[in-house]
Amino acid sequence: MTRLRLSPIALSRSRFAVSPLAETLSCLIALHRGRSEPWIARWLARHQTGYRDWLADNEVAAGLLPLLAATKWLPDFVAVPPLDGVRTRLADELIVVAAHTDAEIAAMTGHAVAASWEPCDTDWLHLGGLGPRVAAMLDEGWARFVAPDWPRRRMVLERDIMHRAGLLAAYGWQHAIKDMTPTSAWVDDDAILFSHQEFPDRWIDEDGLIFVPHTPGGGSWTCERPPHYALVYPARGAAAGQDDGHPDVISRLLGSGRAHILRELTRPATSTQLAQVLDLSLGTVSAHLAVLRDAGVVAGSRAGRHVIYHLTDRGESLLTLLATRSR
């Protein structure tokens, strides 16, 4: 088993962050695999042809991305810990990527190839100037496939952080990290179980651990640049705004818009967050919330300048009852 071991000071300094680079990696991996969770099927179909055309024209992408999609060990030159919390910028992350030497990238790629379940072409390593080339490739991947949808994706990430920060404040890190990944659990009083694979434990001290959600799929990985360490995990609610096209009891009773909002409020959210995640206008969301409030299934509470909406006991009971009847 692989554990992330945290000293007492590391626990006190652990925090959440948003990483455009992690989101880009996750999107590119999903595009290369061509299959993933049902809720990104439309995004995948929309970009699949463009991705394949881009791959054919970019030698670094054609060499590196198949490896990233088929390895159990992401090379450190692309797995960069975000250091500016929710304000982290892709440009700053790519500066770190570009600073790697050819020798460093070749060595890190060798580790990833050894952990790959498919043969990988490494001819691209002979191009030279690899750090800037990889950074430019990731920047282009971001612009093509992530940036157009970034406001909605970012809202999903921020909602996940808000949800887990609430768990942290109420119950501690043991509850905040529960179900982050398929294996994550608090063990040995000072460690997070990261993987059942036999890799060395990571010892995290003064800088703490950075928790980074991403939206496209179920993968998780660590970013290691001692003393900085990050754990990238799939965000809850990444399916938001997607519709499988099959009407159900909840949608027939409430209408699809209010049904989506009711389901989304299994985790509290502001009206702005709901509008972004569900790709609805703020006015439409506000109107749906007014109806749901009048019915007593949703309530709002003020937190600073924001009103955060949540399900009432009646709303939770209604959702549970109708979900059961939909099966």
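Residues numbered from 1 in each chain as written. Predicted model: local features only at pLDDT ≥ 70, side-chain atom pairs only at ≥ 80, totals over all residues. Heavy atoms only, no water.

Per an unreviewed UniProt entry, the protein chain carries the name ArsR/SmtB family transcription factor and comes from Sphaerisporangium corydalis.

(A) Region of the structure containing the sheet that holds strand β6 (residues 209-214). If you trace the four strands from one edge of the open sheet to the other, you get β2-β6-β8-β7, paired in mixed fashion. Only two strands of the sheet have a single partner each, and these edge strands are β2 (15-16) and β7 (221-225). The strands that helix α8 (residues 150-171) touches are β2, β6 and β8 (228-234); relative to β6, the one it contacts most, it runs at about 135 degrees. (Pairing = 2+ DSSP bridges. Helix = DSSP H or I, 4+ residues; strand = E, 2+ residues; numbered from the N terminus. Contact = heavy atoms within 4.5 Å. Axes fitted to C-alpha atoms, helices over the stretch in contact; angles between N-to-C directions.)

(B) Helix α7 (residues 130-146), seen in detail. Spanning 17 residues, α7 covers 23 Å between terminal C-alpha atoms, matching the ideal 24 Å at 1.5 Å per step. Buried within α7 are the following residues: Leu 130, Gly 131, Val 134, Ala 135, Met 137, Leu 138, Gly 141, Trp 142, Phe 145 and Val 146. Seen along its axis, α7 keeps its buried residues to an arc of 160 degrees; they face one direction. Of the surrounding elements, those touching the buried residues of α7 are α2 (20-33), α3 (41-57), α4 (59-68), α5 (90-98), α6 (102-114) and α8. (Expected span 1.5 Å × (residues − 1). Buried < 20%, exposed > 50% of the residue type's maximum accessible area, 1.4 Å probe, protein only. Arc of directions from axis to C-beta.)

(C) Region of interest: the environment of Phe 77. Position of Phe 77 relative to the elements: it lies in the loop between α4 and α5. A residue is classified by how much of its surface remains accessible, and Phe 77, at 0% relative accessible area, is buried. Between the C-alpha atoms of Phe 77 and Val 96, which are 19 residues apart in sequence, the distance is 7.9 Å. What Phe 77 contacts, discounting residues up to four positions off in sequence, is Leu 64, Val 97, His 100, Ile 105, Met 108, Thr 109, Trp 124 and Val 134.

(D) Fine view of the sheet that holds strand β1 (residues 2-6). The sheet built from four strands is open, its strands ordered β3-β4-β1-β5 with mixed pairing. The outermost strands of the open sheet, each flanked by one partner alone, are β3 (185-187) and β5 (202-204). Taking the axes of each pair of neighbouring strands and ignoring which way they run, one obtains an average angle of 30 degrees across the sheet. As judged from the three bridges shared by β3 and strand β4 (residues 191-195), these two strands associate in the antiparallel manner. Each residue of the ladder has a partner; that of Trp 186, found in β4, is Ile 192.

(E) Fine view of the pattern of salt bridges. This structure, assessed with the given rule, holds 14 salt bridges. Across the pair Asp 190 and Arg 5 runs a salt bridge, and its minimum N-O distance is 2.9 Å. Of this pair, Asp 190 sits in the loop between β3 and β4 while Arg 5 sits in strand β1; the two residues are 185 residues apart in sequence, bridging distant segments of the chain. Residue Asp 190 is classed as partly exposed on the basis of its relative accessible area of 25%. (Salt bridge = Lys/Arg side-chain N within 4 Å of Asp/Glu carboxyl O.)

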